[in-house]
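Remarks on the overall topology
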Amino acid sequence: MKIAILSCFYPYRGGISQFNACLAGELGKDHIVKAFNFKRQYPSFLFPGKTQYVTADDEAVPVESEFLLDTANPFSYAGTLDAIRKWGPDLLLTRYWMSYFAPSLGYITRRMQGRCKVVSILDNVIPHERRFFDTPLTKYFLKGNDGFVTLCDAVAKDLLRLRPDARYTVIPHPLYSHFGEKTARAEAEKKLGLAPGKKNILFFGLIREYKGLDILIEAFNGLGPDYQLIIAGEPYGSFEHYEKLISRCPWKQNIKTVLRYIRDSEVKDFFSAADVTVLPYRSATQSGISSVSYHFEIPMIVTGVGGLKETIGDRGTGIVAENGSPEAIRHEIERYFNEPDIKDECIRNIRQEKERLSWSRFCSRLTEFVEDL
């Protein structure tokens, strides 16, 4: 099968680009795959981080692709469509995670229907940070697809609210395995400048309001001096609010912040030092961070929003807090450290999940779904 993937690839960085690289690599083992990349993913003024692109310090593996689609320039849409048509795929795959992409991707997918099968992998249908135009734009995009892959049941339910007749399948997010293996905890703590012998709590990934870092900081305020909080990731927006919360913490000397994009080769240091990863999200679908935690066999404490209960709590790979308050998060952190059996059980379940969540299985289920369309 000839498969065209229209989405972001190297030199764009971040979880979507990493996922696409893994997807293309695995599909390429049994199929002919071509990556059609963005010429411009976002205009700079719309991007809240420091850069959309890999830097000289990043170790991202280059992926060969054709740079065509400028999402902010409608004149590029027809050229992208023409290039995909000329290549003649049997399947066009896209990724969809926010309504900003609906006009550009929808223009192309609608005009590819009938020429090949068109399938979108949906990270989100309803965005975490909603705008009045999200629903009409997303409906426009959804109509241009023959089928959909969602990474959790929560996104599938959102899909059916907007397109009740949608043909879809749910395939869980595969594990990222390109970060290497865990290192010795003492070595990782030394590298990160952490005090040894503490109970290490990790908050990892892009820092955005919906991810609830402020909730975790307030929860940490009520813990004792034997706990240590590691905050690692690039803030999308101002960090000032979090700085004020940290300054009021009685154990602020036990909070380590690394406020930048974490390079692939560094990821193992943070997870090698961690006892538990905390995802105190206000809203969620699935989380790529959980896939990284699985890889390093680090249990999680999460809120029961979106797909987190389904993908973590129901699988026994972590603890789901009763609610999203600082008190509830603090209670589960204390319980996790006070009851060692919880950690042991979570790690056993994570090892079972690692066998289930392979890229080969994901791609096999995806192609089976496509063949049935």
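Everything that follows concerns the structure shown earlier in this document.
Starting afresh in each chain, residues are numbered from 1 along the sequence in its written order. Local features in a predicted model are, by the rule used here, given only for residues with pLDDT of at least 70; side-chain atom pairs are given and counted only at 80 or more, and totals for whole chains, interfaces and linings are based on all residues. Computation of side-chain values covers all heavy atoms of the structure but excludes hydrogens and water.

**Considerations on the nonpolar core**
Throughout this description, the term nonpolar core refers to a set of buried Ala, Val, Leu, Ile, Met, Phe, Trp, Tyr and Cys residues connected via side-chain atoms within 4.5 Å. Think of it in three bands: with a 1.4 Å probe and only protein chains considered, a residue is buried below 20% of the maximum accessible area for its type, exposed above 50%, and partly exposed in between. In this structure, Leu23, Leu93, Phe204, Phe270, Phe271, Phe362 and Leu366 are the most contacted members of the largest nonpolar core, which totals 52 residues. Here, residues are in contact when the closest pair of their heavy atoms is within 4.5 Å. Setting aside its immediate chain neighbours within four residues, phenylalanine 362 contacts Phe19, Leu23, Ile121, Val149, Leu151, Ile171, Pro172 and Pro174. Counting 35 residues, the second-largest nonpolar core is a separate cluster that includes Leu6, Tyr42, Phe141 and Cys152.

**Concerning the environment of isoleucine 298**
A run of H or I in DSSP becomes a helix once it reaches four residues, and a run of E becomes a strand once it reaches two; helices and strands are each numbered from the N terminus. Tracing the backbone shows isoleucine 298 in the loop between α10 (288–296) and β12 (300–302). The exposure class assigned to isoleucine 298 is buried, which follows from its relative accessible area of 3%. In this view, isoleucine 298 contacts Lys182, Phe271, Ala274, Asp275, Val276, Thr277, Ser293 and Ile350; residues no more than four positions away in its chain are not counted.

**Some words on unusual backbone geometry**
Here the residue pair tyrosine 10 and proline 11 is connected by a cis peptide bond, since its omega of 15° sits within 30 degrees of zero. Even without a glycine there, the phi angle at glutamate 297 is positive, about 60°. As for its placement among the helices and strands, glutamate 297 is situated in the loop between α10 and β12.

**Remarks on the pairing of strand β1 (residues 2–6)**
Within β1, 4 of the 5 residues are buried, leaving the element largely enclosed by the surrounding structure. Pairing analysis gives 5 bridges linking β1 to strand β2 (residues 32–40), with the strands arranged parallel. Paired with isoleucine 3 across the two strands is valine 33, which belongs to β2. A crossover counts as right-handed when, viewed with the strands pointing away from the observer, the path leading from the first strand over the helix to the second turns clockwise. The parallel pair β1 and β2, bridged by helix α1 (residues 15–27), forms a crossover whose chirality is right-handed. Each pair of strands is called paired provided DSSP finds at least two bridges between the two strands.

**A few points about a positive patch on the surface**
Side chains of Arg85, Arg110, Arg111, Arg115, Lys139 and Lys143 sit close together on the surface and give a patch of like positive charge. With respect to the helices and strands, the residue lysine 139 is situated in helix α4 (residues 134–142). Exposure above 30% relative accessible area and the lack of any salt bridge qualify a residue for a patch; like charges then connect within 9 Å, and the nonpolar side chains Val, Leu, Ile, Met, Phe, Trp and Tyr within 5 Å. Here the accessible surface of atoms and residues is derived via Shrake-Rupley with a 1.4 Å probe, and residues count as covered only by protein chains that are part of the display. A pairing counts as a salt bridge when a side-chain nitrogen of Lys or Arg comes within 4 Å of a carboxyl oxygen of Asp or Glu. The sign given to each residue is positive for Lys and Arg and negative for Asp and Glu; His and the chain ends receive no count. For this purpose, a charge sits on NZ of Lys, CZ of Arg, CG of Asp or CD of Glu.

**A closer look at the sheet that holds β1**
To summarise the sheet geometry, strands pair through backbone hydrogen bonds and adopt either a parallel or an antiparallel arrangement. Spatially, 7 strands are ordered β3-β2-β1-β4-β5-β6-β7 in an open sheet, and the strand pairing comes out parallel. At either end of the open sheet lies a strand with only one pairing partner, and these are β3 (66–70) and β7 (168–170). Recorded for the sheet is a direction-independent mean angle of 25° between the axes of neighbouring strands. Here the axes come from fitting lines to C-alpha atoms, over the contacting stretch only for helices, and the angles between their N-to-C directions go from 0 to 180 degrees. Contacting β4 (91–96), β5 (117–122) and β6 (147–150), α4 runs over the sheet at an angle of about 165° to β4. Those strands touched by helix α14 (residues 359–372) are β4, β5, β6 and β7, and its axis lies near 140° from that of β5.

**What to know about the sheet that holds strand β13 (residues 318–320)**
Taken in spatial order, the 6 strands make up an open sheet running β10-β9-β8-β11-β12-β13, and their pairing is parallel. Whereas interior strands pair on both sides, the edge strands pair on one side only; in this sheet they are β10 (255–258) and β13. Across the sheet, the mean angle from the axis of one strand to that of its neighbour is 20°, orientation sign disregarded. Pairing of strand β11 (residues 276–279) with β12, which is carried by 3 bridges, proceeds in the parallel orientation. Its bridge partner lying in β12, leucine 279 is registered against valine 302. Each of β8 (199–204), β9 (227–232), β10 and β11 is contacted by helix α7 (residues 213–221), which is oriented at about 165° to β9, the strand it contacts most.

**Observations regarding α14**
Here α14 is 14 residues long and its end C-alpha atoms lie 20 Å apart, about the 20 Å a rise of 1.5 Å per residue gives. Of all the positions in α14, only Trp359, Phe362, Cys363, Leu366, Thr367, Phe369 and Val370 are classed as buried. For α14, the arc enclosing every buried residue in end-on projection is 155°, short of the 170-degree limit, so these residues lie on one face. Exposed side of α14, more than 90 degrees from the buried face: Glu371 and Asp372 are the residues found there. Turning to α14, the residues buried within the fold contact α1, β4, β5, β6 and β7. Expected helix span is given by 1.5 Å per residue-to-residue step, counting one fewer step than there are residues. To be clear, the arc concerns the directions from the helix axis to the C-beta atoms.

**A short note on the pattern of salt bridges**
Following the criterion strictly, the structure yields 24 salt bridges and no others. Across the pair aspartate 70 and arginine 40 runs a salt bridge, and its minimum N-O distance is 3.0 Å. Taken as a pair, aspartate 70 in strand β3 and arginine 40 in strand β2 lie far apart in primary sequence, 30 residues in all. Assessed through its relative accessible area of 31%, arginine 40 is described here as partly exposed. One salt bridge connects lysine 354 with glutamate 297, and the closest N-O pair in it is separated by 3.1 Å.

**A few points about empty space enclosed by the protein**
Cavities and pockets are found on a 1 Å grid laid over the protein atoms alone: a cavity is a set of points where a 1.4 Å probe fits but cannot escape, a pocket is an open set with protein on both sides within 12 Å along at least five of seven lines, and a lining residue has an atom within 4 Å of such a point. Grid points are joined across faces, edges and corners, and a volume is the space filled by probe spheres set on the points. Inspection of the entire model under this criterion finds 1 cavity of 30 Å³ or more. Estimated volume of the largest cavity: approximately 60 Å³. What lines the largest cavity is simply Ile171, Pro172, His173, Pro174, Arg356, Leu357, Ser358, Arg361, Phe362 and Arg365. At 3 residues, α14 tops the list of elements feeding residues into the lining of the largest cavity. Split by residue class, the lining of the largest cavity holds 5 nonpolar, 2 polar and 3 charged. Just so you know the grouping, Ala, Val, Leu, Ile, Met, Phe, Trp, Tyr, Cys and Pro go in nonpolar, Asp, Glu, Lys and Arg go in charged, and all remaining residues, Gly too, go in polar.

Function-wise, these values are silent; they only describe arrangement.
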